[in-house]
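Given next are the chains, with one letter for each unit.
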Amino acid sequence: MSDCNQFTILERVAELSKHDILPITGNEPHLFPELKNSLLRKFLKILQLIICHVELGQKILKNKSKDAIFIHGFSTEFLILTYICSLFHSKNIYLLTHHNIQQAAQNSIFKFLFKIYHRLGYKFIVNETSSMLKNAGIDERECDKHVSLLHPVVGLDTSEPIARSEAARQIAADRLDRKKIGVVGKMRRGKQFNKTIDLLLKLQDKFNFLLTIGTDDVSVFSNMASERVKVVDTSTKDNYLAVLALCDLVVLNYEESKYLYRCSGVAADAIGARTYVVCPNFPMMSNQLNYPDRVGILYNNESDLERAIAQALQLAPAAENAAFERHYQERSIEHLVQVLERDIQSRIEPN
């Protein structure tokens, strides 16, 4: 699940479930936003996270009779405050992991905390497979005590008109009728936007494609716009989905230190728009692209990217590939509901 829609999906799961489920998210206050001093800002960040996790504990305490409480947006190092402020309540608490496993795999303190939370009785919801928790310090034999949840994919309804910017319309009307390869999404640390664009520019002559850059900050790339490169503002959802749908494939080149144990929201959205994905061969993204059927190509390192793009361009036209339907079915919100309901029921009525 992309970070921006994880909570919305949990809310939808709660609505559809027969169980009484409460999704809650960490609401971090923004204290004294006018302050510019970096040291004070770091102190306030810590204070904001403390307030956020104390509030989570209070919400749990108030709603502990629910069949399940889903927590989205927690910080591993501050979750102990939530446990204390909920008066040590954990038996019906499900923690949706996002960046947390990646952190624990790289930091012994975070790994130790994961082990503690596991022993305290929290249940982790892990995208794709809970076996990834072994990288967060949990014994491999106990990983299946937690919940594996496939990253959801929602098929884009192409029967509905999609609002498009002028740049997006130019992509659709490319007079040379070239394949369109996109670098799309918000510019964040670890996504290596500029590096990916440089790599694709070197391959443009060989594969003759229209490089499509879609991001929320087009000013960085405005000087690149040409017959060979289209730059689109995807800060609105309509434009973002339109650009994904117009591309034949999107290329992700995420940094291993930030994304080795994470899924990609952009990949999920691209698959939903019936667009192939080329991305690093990281374990969770690999499952995301290949289960229940292949909807993209993995590459092992940047020198392998040319091979991956060549393979992706040879895949069957996406409109004719039933693999996308299988993804929509297996990774639907309705299927997520079934998985979570089984786990909740097993806890309410243990064998």
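This text follows the structure it describes.
Nothing here was measured: the structure is a model prediction, and the numbers come from that model. Every chain is numbered independently, its residues counted from 1 as its sequence is written. Under the rules for a predicted model, residues below a pLDDT of 70 receive no local features and side-chain atom pairs below 80 are neither given nor counted, while totals for whole chains, interfaces and linings still include all residues. The basis for every side-chain value is the complete set of heavy atoms in the structure, and neither hydrogens nor water enter the calculation.

What follows deals with the overall build of the chain. Along the backbone of the chain there are 14 helices and 11 strands. Buried means the residue's accessible area, taken with a 1.4 Å probe over protein chains only, is under 20% of the maximum for its type, while exposed means over 50%, and partly exposed covers the values in between. Taking all 351 residues of the chain together, the buried fraction comes to 51%. A total accessible area of about 16800 Å² is found for the chain, and carbon and sulfur atoms account for 51% of it. Charge centroids of the chain, computed over 43 positive and 41 negative side chains, lie 4 Å from each other. Think of it this way: any DSSP run of H or I at least four residues long counts as a helix, any run of E at least two long counts as a strand, and we number them from the N terminus. Note on areas: these come from Shrake-Rupley sampling with a 1.4 Å probe, and a residue is covered only by the protein chains present in the view. Charge assignment: positive for Lys and Arg, negative for Asp and Glu; neither His nor the chain ends contribute. Charge placement uses NZ in Lys and CZ in Arg. For Asp and Glu, CG and CD serve respectively.

Taken N-terminus to C-terminus, the directions of helix α1 (residues 6-16) and helix α14 (residues 333-348) make an angle of 70°; their axes are 9 Å apart at the nearest point. Between α1 and α14, the crossing angle belongs to the class labelled roughly perpendicular. Helix-helix and strand crossings are classified by hand; for α1 and α14 the assignment is right-handed. Where α1 approaches α14, its residues I9, R12, V13 and L16 are matched on the opposing element by I333, E334, L336, V337, L340 and E341. Think of it as three bins: nonpolar holds Ala, Val, Leu, Ile, Met, Phe, Trp, Tyr, Cys and Pro, charged holds Asp, Glu, Lys and Arg, and polar takes everything else, Gly as well. Split by residue class, the contact of α1 with α14 holds seven nonpolar, no polar and three charged. Here an angle of 0 to 180 degrees is reported between the N-to-C directions of two axes, which are lines fitted to C-alpha atoms, with helices fitted over the stretch in contact. By the definition adopted for this analysis, an angle is roughly parallel if under 35 degrees, roughly antiparallel if over 145, roughly perpendicular if from 65 to 115, and oblique otherwise. Crossing handedness: left-handed means the near helix sits turned counterclockwise from the far one by under a right angle, and right-handed means the same turn made clockwise. Any two residues whose heavy atoms approach within 4.5 Å are treated as being in contact.

Here we take up the sheet that holds strand β6 (residues 179-184). Strand pairing is defined by DSSP finding a minimum of two bridges between the two strands. Overall, parallel pairing links the six strands, which are arranged β8-β7-β6-β9-β10-β11 in an open sheet. The two strands at the open ends of the sheet, each matched to only one other strand, are β8 (229-233) and β11 (296-299). Across this sheet, the average inter-strand angle for adjacent strands is 25°, counted without regard to direction. Across six bridges, β6 lies against strand β7 (residues 209-215) in parallel orientation.

A word on the pairing of strand β10 (residues 276-280). Most of β10 is tucked away: five of the five residues are buried. In terms of strand pairing, strand β9 (residues 249-251) meets β10 through three bridges, oriented parallel. Paired with V251 across the bridge in β10 is V278. Bridge analysis of β10 against β11 gives four bridges, and the strand direction is parallel. Each bridged residue has a counterpart across the sheet, and for P280 the counterpart in β11 is Y299. In this view, the connection linking β10 to its parallel neighbour β11 by way of helix α11 (residues 283-290) has right-handed handedness. Assignment of crossover handedness uses the view with strands pointing away from the viewer, where a clockwise path from the first strand over the helix to the second indicates a right-handed crossover.

One open sheet holds the five strands; their spatial order is β1-β2-β3-β4-β5, and the pairing between them is parallel. Looking at the sheet topology across the chains shown, the edges are occupied by β1 (21-25) and β5 (147-149). Neighbour to neighbour, the strand axes of the sheet diverge by 25° on average, direction disregarded. Relative to strand β3 (residues 93-96), strand β2 (residues 68-72) runs parallel, the two being bridged by four bridges.

Before going further, it helps to spend a moment on the nonpolar core. Nonpolar cores were defined as sets of buried Ala, Val, Leu, Ile, Met, Phe, Trp, Tyr and Cys residues, with membership established by side-chain atoms within 4.5 Å. In this structure, I71, F124, V277, V278 and I309 are the most contacted members of the largest nonpolar core, which totals 87 residues. Among the elements that line this core, the one with the most residues is helix α7 (residues 193-207), at six residues. Excluding residues that lie within four positions of it along the chain, I309 makes contacts with I181, L200, L203, F207 and V251. Ranked by size, the runner-up nonpolar core spans 18 residues in total, among them A14, I21, V337 and I344.

Another aspect to go through is helix α12 (residues 305-313). Looking only at α12, the buried set comprises L305, A308, I309, A312 and L313. With its buried residues spanning 130° around the axis, α12 presents them on a single face. Where α12 is buried, its residues contact β6, α7, β9, β10 and β11. The arc in question is the one traced by the directions running from the helix axis out to the C-beta atoms.

Next up on the list: the side chain of N253. Positionally, N253 belongs in the loop between β9 and α9 (256-259). N or O atoms within 3.5 Å of each other form a polar contact, as long as, within protein, one can give a hydrogen and the other can take it, and as long as residues adjacent in sequence are counted only when both atoms are side-chain atoms. At 3.2 Å, the side chain of N253 forms a polar contact with the side chain of E302. What N253 contacts, discounting residues up to four positions off in sequence, is G190, K191, Q192, K195, T196, L199, P280, Y299 and E302.

Turning our eyes to something else, we now look at the pattern of salt bridges. Whenever Lys or Arg places a side-chain nitrogen within 4 Å of a carboxyl oxygen from Asp or Glu, that contact is recorded as a salt bridge. Scanning the model with the defined rule gives 15 salt bridges in all. A salt bridge links R141 to D139; the nearest nitrogen and oxygen atoms lie 3.0 Å apart. Owing to a relative accessible area of 70%, R141 belongs among the exposed residues under this scheme. Take D139: its relative accessible area is 32%, and that puts it in the partly exposed class. Between D205 and R228 there is a salt bridge whose closest N-O contact spans 3.2 Å. Of this pair, D205 sits in helix α7 while R228 is found in the loop between β7 and β8, placing the two residues 23 residues apart along the sequence. By relative accessible area, which is 64% here, D205 ends up exposed.

Remember that the coordinates give geometry; whether it matters functionally is a separate question.
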